[in-house]
Amino acid sequence: MEENKISIERELHSKSAGIIWSLMSTPEGLAKWIADEVKRDGDTLTFTWGNTWSHHETRMASVIDRKENKYMRLRWSEDEYIDTYLELRMEKSDITDDYILVVTDYAPDGDTDTLADIWDANFETLRRSTGL
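Computed from a prediction, not measured in an experiment: that's the story for all the values here. (Residues numbered from 1 in each chain as written. Predicted model: local features only at pLDDT ≥ 70, side-chain atom pairs only at ≥ 80, totals over all residues. Heavy atoms only, no water.)

Considering the pairing of strand β5 (residues 71-76)
By the bridge criterion, six bridges tie strand β4 (residues 56-67) to β5 in an arrangement that is antiparallel. Bridge pairing links Arg66 to Met72 in β5. Following β4, the chain reverses through three residues before pairing antiparallel with β5; Asn69 in that reversal takes a positive phi of roughly 60°. Relative to strand β6 (residues 86-92), β5 runs antiparallel, the two sharing four bridges. Each residue of the ladder has a partner; that of Met72, found in β6, is Leu88. (Pairing = 2+ DSSP bridges. Helix = DSSP H or I, 4+ residues; strand = E, 2+ residues; numbered from the N terminus.)

And the structure:
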């Protein structure tokens, strides 16, 4: 089965590189919008959705590339394709001077809309939890 690349971008109401970088590169920041809990051990991040004492899902990802205040690229441990990754990238809007958060991810054939819906929900959680 082939993986399809998707890219979703949202302008955030912030001119602070430090705030955006923190939200996309630290366990505390990622836990505000991607998962219920995120733990870091070296270059490995463990994402948990749900309560650890009841029904939950856990996925691990390795940081495969990173440039501070620019992007972080992860590879999920169960990904079978070497060319797939999850990338969180920050860019500056030339028009508003606010930051834009760009997510690049991969979905199996037929799941592109589902993955886009998940990222839309993640961005909505980010907006609610931070106001950005």
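Structural notes on helix α3 (residues 112-130)
For α3, with 19 residues, the first-to-last C-alpha span of 27 Å sits near the 27 Å given by 1.5 Å per residue. Looking at the buried side of α3, the elements it contacts are β1 (3-11), α1 (17-25), β6 and β7 (99-108). Phi turns positive, to about 80°, at Gly131, one or two residues after α3. (Expected span 1.5 Å × (residues − 1). Contact = heavy atoms within 4.5 Å.)

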